[in-house]
Amino acid sequence: MTLSELKTQLASLAEPGALISETDHAKRGTDLDVTVSAGKVVAAAELLDTARYTLEAITGVDWIAEKQIELVYDYTLWESGVRVAVRSRISRENPAIPTISAIFPGANWHERETRDFFGVDFTGHPDMSPLLLPEDATFHPLRKDFGA
Amino acid sequence: MSIEAQTIHRETFVLNLGPQHPATHGVLRIKLTMNGEYVEDADPVIGYGHRMQEKMGENRTYAKFLPNTARMDYVAALFNTHGYVCAVERLAGITVPDRAEYIRVITAELNRIASHLLWVGAFLIDLGGFTPLLYTFDDREQILDLLESITGARLTFCYYRFGGVCNDIDEQFISGTRAFIARLHSRMPMYHALITQNIIFRKRCEGIGPIPAETCRKYGGSGPVLRGSGVSYDVRKNEPYSIYPRLDFNIPVYQECDCTARYKVRMDEMVESMRIIEQSLDQLPAGPVMAEKVPKLLKPPKGDCYFNVESARGVFGVRLVSDGTDKAYRLKLRSPCFSNLSLFRDCSRGMLMADALALLGSLDLVIPDIDR
Amino acid sequence: MDEQTHVPPGLIHFAALDQMLDLARANSLWPLTFGLACCAIEMMATGAARFDMARFGCEVFRPSPRQSDLMIVCGTINKKMAPAVATLYDQMPEPKWVLAMGNCAISGGPFVFPGQYAVVEGVDKLFPVDVYVPGCPPRPEALIEGILELEKKLTGKRRWPVAPAQ
């Protein structure tokens, strides 16, 4: 699948007006930047899995002023070094998003880590126990209002 | 004999490996469910070395975070610094002078050789052979001497700065590096005779610990783990950065997917790194080693970017989100060992315990890199 | 009986034997392989060929705490790891000594900041430490100096004189 074919297929999933084609890999580090709603991350992951991408990282960002948590999924295609970032914003009060660990088993640990740091609930995840924090931790340290 | 004595009961038992264990390379704990000597399930428990580097990235200014980068994957510290510094430079639009790029590549590749030498020694200790550690550490000490003469540190280097490097290299370093490369070339036959052709090593590693390429793709495996499974992906070739496009080097790839393949990838990578260093020393231009007009208190514009480098262990990525102030809004550090360890559970099912440990050793893990 | 009665430590007092035992213990310290973080690599380098801790008797690294008498704590102690470290210390038989190697083991090191929730600020918050070796990471020579200080603590005499400042 070429990049433009991928872009067309992702465009059907993306929120209107939010698809950016960043050809400047040198400036942003990604070739394609897509924003989808929380319900569409699984479809985007399936699409990228069919296109033979690998999941590199899941990043959470706490936009406290906008009362949202943003999740950025970074995907890479080995053959060409093309990188796609899939973003999704969820509410900060009850952050929940479907898990993609059924498609990419590597997401299992990335999502556990994001839950540790931000408190995001990945619905459908087989094991949401703490990964990096102690087993009995109840705090989420990367939230901006975390004050020890 | 009674009925109970005639019926053989089989049950599994849970064995705890770590967090203090000589073969876990740091503080890794694995909950093993064993069926006799066979591993039924190996669940890694991490977090024993968690120091919250990502939170510190938000609490410290960009420059003050530089020492932290060296303390994550401390065996190959310069790669972490390289990734972080390049991510900030990408966002802030700083161009690094050529001489500094070449110096970065030379020191990073020396660090790669040092890291692989340490891995060879540690891997052989995991398998039970103590001797190679002494030889590899001897070679590694030569590299540390060279790097210490310009950076001042032996292990946790804080050498790169935004816009270049903080010290220039001198003639003593250049001639010392060339002499070291000649010496290591002459030592490689000894390593191959001692380790690669050793019958015990071959029986412990050939065919052991297969990791299919598709598993690597699903889990995000990278680095020698991936190249030992037949996939030719190296950030230096597929997504080139710095001055790597100007250099001529190969990416060693082996198809067997076993521990021996991963070992051979790393041994060949050392030879390729020596080629890279020699070419860089030949092409080294004159000039400044720091960009001009880099503010002391760096405030990159709002936005985010991603940068990945090929660390000795795999793809090390940095996702940096800036809000225009002097501290990062979010600094995500994508660790190669994190993804490489996540595939251990899947790949170690049904193995003998000793083989599972050989697989674990061949993944080349540094636990504080996973725990950050 | 309200005055202080001096009770001798043993019924029979072998001063020379005690000194010999102390010398034997000091020259054959068996460290526990307990690398937590970066300092562990410098400990390995100290055990390797160039710096060679074996000259001072410290070469036998035992993985089991039951067989070791020196715990070289190298690296950061985490709140998750602290119970494990305390258990290891309790499992070591007497006489035992602790050497805190590196800034993290002494006081939490470069990872202390307001709001740090994960790091125990120094191993002496968990159990007593005999020798502190500062550095981040300390050079292998510094670790050897720490071992020599520990030997001095045991025997009362230094093996090598301290080099004069130049």
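Reading guide: rules and limits
- Residues numbered from 1 in each chain as written.
- Chains lettered and ligands numbered in written order.
- Predicted model: local features only at pLDDT ≥ 70, side-chain atom pairs only at ≥ 80, totals over all residues.
- Helix = DSSP H or I, 4+ residues; strand = E, 2+ residues; numbered from the N terminus.
- Rg over C-alpha atoms; globule rule 2.2 N^0.38 Å.
- Buried ≥ 20, exposed ≤ 12 C-beta atoms within 10 Å, placed from the backbone.
- Contact = placed C-beta atoms within 7 Å.
- Core = buried A, V, L, I, M, F, W, Y, C linked by C-beta atoms within 7 Å.
- Expected span 1.5 Å × (residues − 1).
- Nonpolar A, V, L, I, M, F, W, Y, C, P; charged D, E, K, R; others polar.
- Pairing = 2+ DSSP bridges.
- Axes fitted to C-alpha atoms, helices over the stretch in contact; angles between N-to-C directions.
- pLDDT = per-residue confidence, 0-100.
- Parallel < 35°, antiparallel > 145°, perpendicular 65-115°, else oblique.
- Left-handed = near helix turned anticlockwise from the far one by under 90°.

Right, let's talk about the overall build of chain B for a bit. Check the secondary structure of chain B and you find 16 helices and eight strands. Here the C-alpha atoms of chain B give a radius of gyration of 22 Å, agreeing with the 21 Å that 2.2 N^0.38 yields for 372 residues. By its C-alpha atoms, chain B is 90 × 50 × 35 Å across when sized along the principal axes. When burial is assessed residue by residue, chain B has 57% of its 372 residues classed as buried. Pairs at least 24 residues apart make up 70% of the contacts formed inside chain B by residues separated by at least 6 positions.

Our focus in this paragraph is the overall build of chain C. Assigned secondary structure in chain C consists of five helices and four strands. Out of the 166 residues in chain C, the part that is buried amounts to 40%. Taking contacts inside chain C between residues at least 6 apart in sequence as the whole, the part at least 24 apart equals 76%.

We now examine the nonpolar core. By size, the foremost hydrophobic cluster in this structure holds 199 residues, and its most contacted members are Val73, Leu99, Ala100 and Met101 of chain C. For this core, the element with the highest residue contribution is helix H5 (residues 98-127) of chain B, accounting for 17 residues. Contacts of Leu99 of chain C, omitting those with residues within four sequence positions, involve Leu70, Ile72, Asp130, Val131, Val133, Gly146 and Leu150 of chain C.

Below, the discussion takes up helix H4 (residues 77-92) of chain B. Residue and element names in this part refer to chain B. For H4, spanning 16 residues, the distance from its first C-alpha to its last is 23 Å, which sits close to the expected 22 Å at 1.5 Å a residue. Of all 16 residues that make up H4, 15 are buried, and the element is covered over most of its length. Following H4 by one or two positions, Gly93 adopts a phi angle in the positive range, close to 70 degrees.

A word on the interface of chain A and chain B. Size of an interface: often given as the accessible area lost when the parts come together. Contacts between the two partners involve 26 residues from chain A and, on the opposite side, 30 residues from chain B. Of all the secondary-structure elements, those providing two or more residues to the side of chain A that touches chain B are helix H2 (25-28), strand S2 (54-63), strand S3 (68-77) and helix H4 (107-118) of chain A. With six residues, the top contributor of residues to the side of chain A that touches chain B is S2 of chain A. Looking at the side of chain A that touches chain B, its residues break down into 14 nonpolar, seven polar and five charged.

The next subject is the sheet that holds strand S4 (residues 82-91) of chain A. Pairing between sheet strands relies on hydrogen bonds along the backbone, with the strands arranged either parallel or antiparallel. Residue and element names in this part refer to chain A. As summarised here, the arrangement of the four strands in space is S1-S4-S3-S2, forming an open sheet in which the pairing is mixed. Two strands bound the open sheet, and with one partner strand each, they are strand S1 (32-35) and S2. Averaged over all neighbouring strand pairs, the angle between strand axes comes to 20 degrees, with direction disregarded. The sheet contact formed by S1 and S4 spans four bridges and is parallel. What sits directly across from Asp33, in S4, is Ala85. Packing against the sheet, helix H3 (residues 41-50) makes contact with S1, S3 and S4, and its axis sits at approximately 170 degrees to S4. The sheet contacts of H4 involve S2 and S3, and relative to S2 the element is tilted by about 10 degrees.

Now for the sheet that holds strand S1 (residues 13-17) of chain B. All names here are of chain B. Spatially, three strands are ordered S1-S2-S3 in an open sheet, and the strand pairing comes out antiparallel. Looking at which strands have only one partner, the edges of the open sheet turn out to be S1 and strand S3 (38-45). In this sheet, adjacent strand axes meet at a mean angle of 25 degrees when their direction is disregarded. Where strand S2 (residues 29-35) meets S3, seven bridges bridge the pair, whose relative direction is antiparallel. Of the residues in S3, the one forming a bridge with Leu32 is Ala42.

Residue and element names in this part refer to chain B. Tracing the sequence through the fold places Thr61 in the loop between helix H2 (53-59) and helix H3 (66-70). Since 15 C-beta atoms lie within 10 Å of it, Thr61 is described here as partly exposed. Taking the C-alpha atoms as reference, Thr61 lies 5.5 Å from Asp326; in sequence the two are 265 residues apart. Excluding its chain neighbours within four sequence positions, the residues that come into contact with Thr61 are Leu297, Asp326 and Lys327.

Listed by partner, the interface residues are four residues for chain A and four residues for chain C. Of the residues in the side of chain A that touches chain C, the class split is three nonpolar, one polar and no charged.

Take the environment of Arg140 of chain B next. All names here are of chain B. Looking at where Arg140 falls in the secondary structure, it is placed in helix H6 (residues 131-151). Separated by 213 residues in sequence, Arg140 and Met353 have C-alpha atoms that sit 30 Å apart. When sequence neighbours within four positions are dropped, the list of residues in contact with Arg140 reads Ala114, Leu117 and Leu118.

Let us look at the confidence of the model for chain C. All names here are of chain C. Scored by pLDDT, chain C has a mean of 86; 92% of the residues are at 70 or more. Mean pLDDT values over the elements of chain C span from 86, in helix H1 (residues 15-26), up to 94, in strand S4 (residues 131-133). Across the whole predicted complex the pTM is 0.91, and at the interface the ipTM reaches 0.89.

Bringing the packing of helix H12 (residues 259-283) of chain B against helix H15 (residues 353-362) of chain B into the picture now. All names here are of chain B. The contact between H12 and H15 brings their axes to 10 Å, and the two run at 25 degrees. For the element pair H12 / H15, the angle class is roughly parallel. Considering how the two elements wind past one another, H12 and H15 form a crossing that is left-handed. Within the contact between the two elements, H12 uses Cys259, Arg262 and Tyr263 and H15 uses Ala358, Leu359 and Ser362. In terms of residue class, the contact of H12 with H15 is made up of four nonpolar, one polar and one charged.

This part covers the pairing of strand S8 (residues 328-334) of chain B. All names here are of chain B. In terms of residue burial, S8 counts as a mostly covered element, since six of its seven residues are buried. Summarising the sheet, strand S7 (residues 314-322) and S8 pair through six bridges and their orientation is antiparallel. Bridge assignment links Arg319 to a residue of S8, and that residue is Lys332. Linking two consecutive strands that pair antiparallel, namely S7 and S8, is a turn of five residues; a positive phi of about 90 degrees is found at Gly324 within it.

On to the pairing of S2 of chain B. Residue and element names in this part refer to chain B. Strand direction decides the pairing type here: S1 and S2, joined by five bridges, are antiparallel. Note on S2: the bridge partner recorded for Leu15 is Leu32. The turn joining S2 and S3, which pair antiparallel and follow one another in sequence, is formed by two residues; a positive phi near 70 degrees is taken by Gly36.

In this section: the packing of H4 of chain B against H5 of chain B. Residues and elements named next belong to chain B. In the contact formed by H4 and H5, the axes pass within 8 Å of each other and the chain directions differ by 140 degrees. In terms of orientation, H4 lies oblique with respect to H5. On H5, the residues that touch Ala77, Leu78, Phe79 and His82 of H4 are Arg104, Thr107, Ala108 and Asn111. Classifying every residue of the contact of H4 with H5 by side-chain character gives four nonpolar, three polar and one charged.

With that settled, the discussion passes to the environment of Val162 of chain C. Within the secondary structure, Val162 of chain C is located in the segment after helix H5 (140-155). For the pair Val162 of chain C and Pro63 of chain C, spaced 99 residues apart in the sequence, the C-alpha separation amounts to 32 Å.

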